[in-house]
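One-letter residues, chain by chain:
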Amino acid sequence: MTTTKVRTRFAPSPTGYLHIGGARTALFNWLFARHHGGTFVLRIEDTDEVRSTHDSVDAILESLRWLGVAWDEGPETLEADRGPYAPYFQMKRLQSYRDRARKLLEAGKAYPCYCTKEELDEMRRLAQLEKRPPRYDGRCRRLADEKRRELEAAGKKAVLRFRMPDEGTTMVPDLIRGNVHFENALLQDFVIMKASGVPTYNFACVIDDHAMEISHVIRGDEHLSNTPSQLQLYAALGFKAPLFAHLSMILGPDGAKLSKRHGATSVLEYRDQGYYPKALRNYLALLGWATTESQELFEEEELFRKFSIEGCQKSPASFDPAKLLWMDGEYLRKLPVQELLDAAKPFLEKAGLWGKPGLEKVATLEREKYKLLSDVPKLVDFFFKDELDWTEKAKKLVGDGSRTILGDLAAELSKLPSFTAKPLEEAIRGFCSAKSLKTSQVFHPVRAAVSGRTEGPSLFDMLEVLGREKVIERLRKAAGSN
RNA sequence: GGCGCGUUCGUCUAGCGGCCUAGGACGCCGCCCUCUCAAGGCGGAGACCACGGGUUCAAAUCCCGUACGCGCCA
């Protein structure tokens with residue numbers, strides 16, 4: 001038995017940033033390929049001449065790289081220029097579409113259509129009036145050669161249309177949805193080549209999926225209705241069709257299609273907000289896919305091993321930012337501090353904290369509090385500031401009632417032989433009982449005095465890390481005796 | 001409008017004819033731990049399985065309609 005090698009692809013149009021939905025599609029293709037020891041291909045579908053941009057290409061590549069969804073073939077790989085399937089930009093493959101189009105034309109399976117936009121609009125209008133599906137009426141199907149020469153001579157530009165069968169049904173075998181049937185009579189003679197000589201989406205994608213030997217087309221739900229047309233193309237070209245799997249869409253928290261008004265939709269925005277890429281990737285894997293063991297957190301290898309099309313959901317999934325945030329914290333908490341700092345480097349640099357001595361120790365103090373990488377500088381900066389950013393609550397705590405306490409304590413602690421957590425705790429607790437103060441009367445003002453905040457790490461650990469000099473100085477300052 | 005797809009707690013989901021008076025996770029609430037905030041532990045509220053019909057001894061699970069949502073034709 002011959003088993004075909006699994007080859008999947010992600011084929012974005014570079015007409016904007018990579019959004020969450022696209023990233024999820026790419027991810028599933030990648031996971032599926034990895035699961036089967038196959039190859040994941042990235043192909044850029046840049047046939048939209050007006051909307052495609054180089055910036056978009058860059059953004060898409062950067063997004064995938066950042067997310068850790070690594071394509072095996074595609075732009076910027078070893079095969080990019082010379083591999084058997086290269087190139088990976090559709091605009092560099094125009095010749096192959098034109099060759100195939102000519103073959104279809106010669107075989108009578110496609111025909112030139114000279115209808116103007118006005119004629120098509122009129123067709124559509126009439127159809128709507130008569131409550132028929134708006135569909136090209138095939139008037140150029142049987143254009144006499146003479147008439148055609150006339151139009152050509154008059155300088156009329158033609159598009160190329162594919163001749164759909166008039167009857168019968170086309171069945172789309174879908175790995176997620178089962179067999180879906182479509183009436184051919186309802187499918188229209190769609191355009192495969194534009195007048196400019198550039199192919200349309202449905203045509204180019206069929207040619208390429210065949211040329212690149214794609215075994216499984218895993219893509220968004222919105223393409224399900226295009227699939228019967230594509231299947232007819234495969235048949236007309238004598239190609240073996242790949243297997244299809246149509247993924248449900250991703251909706252916003254309110255059930256409407258995910259869009260900018262729901263917050264960030266671009267992968268790079270999540271990067272810039274401080275999300276940890278593996279966490280986002282893990283979260284995305286869970287949107288529309290699940291295992292039977294109700295596991296939530298996956299190592300990369302586990303994802304490869306456990307991912308399956310069977311676990312893919314038919315119904316759309318809502319993107320839940322709250323769960324993503326939880327998951328991000330979950331990942332950050334497990335990270336060794338040094339790795340955490342490396343990951344947070346851009347944010348620490350922006351705050352001017354990167355490379356500061358003691359950073360690792362302070363960062364460790366707040367260990368379990370980071371939800372985002374961008375939280376790291378925010379929770380750690382008190383250590384490095386000469387002038388603390390006082391919160392209102394903290395200011396109140398070091399108010400009149402506590403000044404003498406803080407001053408006395410400063411004096412006490414300056415004599416402490418060893419400035420480490422244990423002795424500090426003993427000393428401060430001793431101080432409390434000596435002065436008949438409740439611990440809370442001392443602990444809270446001290447925290448406020450040394451950090452400017454009311455929330456923070458365990459007090460004694462924090463004092464140890466801050467060190468004698470800073471602690472005494474800050475206590476005195478707060479006490480107003482300095 | 002036609003065709004197609006979908007519908008289990010607020011959200012992601014488990015479930016594939018009896019184990020379901022529907023399980024887990026996020027979020028929410030409470031308690032415990034505790035020097036604060038987190039983290040962690042324990043517990044709680046939250047789903048008449050969209051609705052209506054069948055099939056069956058038995059249905060969230062199978063079948064048929066309806067509604068609603070979404071996609072494609074644009």
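Look up a bit, the structure's there.
Residues numbered from 1 in each chain as written. Chains lettered and ligands numbered in written order. Predicted model: local features only at pLDDT ≥ 70, side-chain atom pairs only at ≥ 80, totals over all residues. Heavy atoms only, no water.

Colleague: I would appreciate a short explanation of the overall build of chain A in the present structure.
Modeller: Scanning chain A for helices and strands turns up 22 helices and 11 strands. The C-alpha radius of gyration computed for chain A amounts to 32 Å, which surpasses the reference 23 Å derived for 482 residues by more than 25%, pointing to a less compact arrangement than a globule. Seen along its three principal axes, the alpha-carbon backbone of chain A occupies a region of about 110 × 55 × 45 Å. Per-residue burial over chain A gives 51% buried out of 482 residues. Sequence separation of at least 24 residues holds for 74% of the intrachain contacts in chain A that already meet a minimum separation of 6. Accessible area of chain A: about 23,700 Å², with a carbon and sulfur share of 51%. Side-chain charges in chain A split into 73 positive and 69 negative, and the spacing between the mean points of these groups amounts to 1 Å. (Helix = DSSP H or I, 4+ residues; strand = E, 2+ residues; numbered from the N terminus. Rg over C-alpha atoms; globule rule 2.2 N^0.38 Å. Buried < 20%, exposed > 50% of the residue type's maximum accessible area, 1.4 Å probe, protein only. Contact = heavy atoms within 4.5 Å. Areas by Shrake-Rupley, 256 points an atom, 1.4 Å probe, with all protein chains shown as cover. Lys, Arg positive; Asp, Glu negative; His and termini not counted. Charge placed at Lys NZ, Arg CZ, Asp CG, Glu CD.)

Colleague: Just to check I follow, could you spell out the protein's contact with RNA strand B for this structure?
Modeller: Close to RNA strand B lie 49 residues, the nearest being Arg 177, Gly 288, Lys 369, His 444 and Gly 456. Each atom of RNA strand B within 4 Å of the protein was classed as base or backbone; sugar and phosphate made up 78%. A distance of 3.3 Å separates a sugar or linking oxygen of RNA strand B from a polar backbone atom of Lys 323. With respect to RNA strand B, the side chain of Ser 458 contributes an N or O atom lying 2.5 Å from a base nitrogen. The element contributing the most residues to the surface near RNA strand B is helix α12 (residues 321-334), with four residues. Its residues placed into classes, the surface near RNA strand B shows 18 nonpolar, 16 polar and 15 charged. (Near = heavy atom within 4 Å. Polar contact = N/O pair within 3.5 Å; in protein donor to acceptor, adjacent residues only side chain to side chain. Nonpolar A, V, L, I, M, F, W, Y, C, P; charged D, E, K, R; others polar.)

Colleague: Just to check I follow, could you spell out unusual backbone geometry for this structure?
Modeller: Apart from glycine, the bulk of residues carry a negative phi angle, and the bulk of peptide bonds sit in the trans form. The residue after Ala 86, namely Pro 87, is reached through a cis peptide bond having omega -5°. Within the fold, Pro 87 resides in the loop between α3 (79-82) and α4 (94-106). In this structure, Glu 76 is a non-glycine residue whose phi angle is positive, near 65°. Mapped onto the fold, Glu 76 is located in the loop between α2 (54-67) and α3. Non-glycine residue Ser 436 carries a positive phi angle of around 50°. Within the secondary structure, Ser 436 sits in the loop between α19 (421-434) and α20 (439-451).

Colleague: So what exactly am I meant to see when it comes to the packing of helix α18 (residues 400-414) against helix α22 (residues 468-479) here?
Modeller: When two helices pack together, their arrangement is given by the angle between the helix axes and by the axis-to-axis distance. For the pair α18 and α22, interaxial distance at closest approach is 8 Å and the crossing angle is 155°. Accordingly, the angle class assigned to the pair α18 and α22 is roughly antiparallel. The handedness of the crossing between α18 and α22 is left-handed. Where α18 approaches α22, its residues Arg 403, Leu 406, Gly 407, Leu 409, Ala 410, Leu 413 and Ser 414 are matched on the opposing element by Arg 468, Val 471, Ile 472, Leu 475, Arg 476, Ala 478 and Ala 479. In terms of residue class, the contact of α18 with α22 is made up of nine nonpolar, two polar and three charged. (Axes fitted to C-alpha atoms, helices over the stretch in contact; angles between N-to-C directions. Parallel < 35°, antiparallel > 145°, perpendicular 65-115°, else oblique. Left-handed = near helix turned anticlockwise from the far one by under 90°.)

Colleague: Could you clarify how one ought to interpret the pairing of strand β9 (residues 243-247) in this entry?
Modeller: The two faces of the sheet receive side chains in turn, since in a regular strand these alternate between them. With four of five residues buried, β9 is to be regarded as a mostly interior element. The pairing of strand β8 (residues 216-220) with β9 spans five bridges and is parallel. Looking at the pairing, Arg 219 lines up with His 246 of β9. Since β8 and β9 lie parallel, the crossover through helix α8 (residues 227-237) that links them has a hand, and here it is right-handed. (Pairing = 2+ DSSP bridges. Right-handed = clockwise from strand over helix to strand, strands pointing away.)

All quantities given are derived from atomic positions and should not be read as evidence of function.
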